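These are the residues of each chain, in order.
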Amino acid sequence: QELMNEIAILQRLDHPHIVKAMETFDYKDRLYLILELCSGGDLYTRDPYTEDQACTIVHAVLDAVAYMHARGITHRDLKFENIMFSTPSCDSVKVIDFGLSKKYSQNEHLTETVGTVYTMAPEVLRGDYDHKCDVWSMGVIAFMLLSSSLPFYGKTRPQVVRK
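Let me begin by describing the structure that accompanies this report. Computed from a prediction, not measured in an experiment: that's the story for all the values here. (Residues numbered from 1 in each chain as written. Predicted model: local features only at pLDDT ≥ 70, side-chain atom pairs only at ≥ 80, totals over all residues. Heavy atoms only, no water.)

### Thoughts on the pattern of salt bridges
Consideration 1: Following the criterion strictly, the structure yields seven salt bridges and no others.
Consideration 2: Taking the shortest distance from any N to any O, the salt bridge between D77 and K79 comes out at 3.7 Å. (Salt bridge = Lys/Arg side-chain N within 4 Å of Asp/Glu carboxyl O.)

Shown next, in the form of structure tokens:
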């Protein structure tokens, strides 16, 4: 189901900072999704970052998020692992992993608690949120880029949620 959702979402998107779906096909009762190659690693790969590097990354990802939101799509799982460098020698980043993304209508409130707890907005934890949950996640990502640490650290999920 996540893969079908991801395919449906990615087919609607064409942005320089969002991974491209190159092709999909069925073979022997399996569905395959071929994505643009992003061989530079995720954001953890190059940590720590300078302020200039952090600014460039945040700007690129916010541009992608604004593009998604303008098309009624919320990612719901923005995190270091879902932002990849295009190549090892390039600073260009791409947002990946749209399996938890959702097409929404204006003024729609979402209720599913999905995503990764360390970047999850408090509204998502409460089960009443909208596309702005991605903006909270971007704040967490910006904090992590600048500090090389998590803003809400805990050894267990309940500890992180409490913070």
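### Here we look at the side chain of T119
Consideration 1: Among the structural elements, T119 can be located in the loop between β6 (102-103) and α3 (122-126).
Consideration 2: Residue T119 is classed as buried on the basis of its relative accessible area of 2%.
Consideration 3: Ignoring sequence-local partners within four residues, the contact set of T119 consists of L78, K79, W136, S137 and V140. (Helix = DSSP H or I, 4+ residues; strand = E, 2+ residues; numbered from the N terminus. Buried < 20%, exposed > 50% of the residue type's maximum accessible area, 1.4 Å probe, protein only. Contact = heavy atoms within 4.5 Å.)

### Considerations on a nonpolar patch on the surface
Consideration 1: The grouping of M22, F25, Y27, Y32 and I34 at the surface amounts to a nonpolar patch, some 490 Å² of accessible area in total.
Consideration 2: Within the residue set of the nonpolar patch, elements represented by two or more residues are β1 (21-27) and β2 (30-35).
Consideration 3: Of the residues forming the nonpolar patch, the biggest block, three residues, is contributed by β1.
Consideration 4: A relative accessible area of 34% means that F25 is categorised as partly exposed. (Patch = residues over 30% accessible without salt bridge, like charges linked within 9 Å, V, L, I, M, F, W, Y side chains within 5 Å. Areas by Shrake-Rupley, 256 points an atom, 1.4 Å probe, with all protein chains shown as cover.)

### Concerning unusual backbone geometry
Consideration 1: Geometrically, the link from D47 to P48 is a cis peptide bond, its omega value of 10° lying close to zero.
Consideration 2: Position of P48 relative to the elements: it lies in the loop between β2 and α2 (51-70).
Consideration 3: Look at R76: it is not a glycine, yet its phi comes out positive at around 70°.
Consideration 4: As for its placement among the helices and strands, R76 is situated in the loop between β3 (73-74) and β4 (83-85).
Consideration 5: Within the chain, S148 stands out as a residue other than glycine whose phi angle is a positive 55°.
Consideration 6: Mapping S148 onto the fold places it in the loop between α4 (133-147) and α5 (157-162).

So far we have only geometry, and geometry alone does not tell us how the molecule works.
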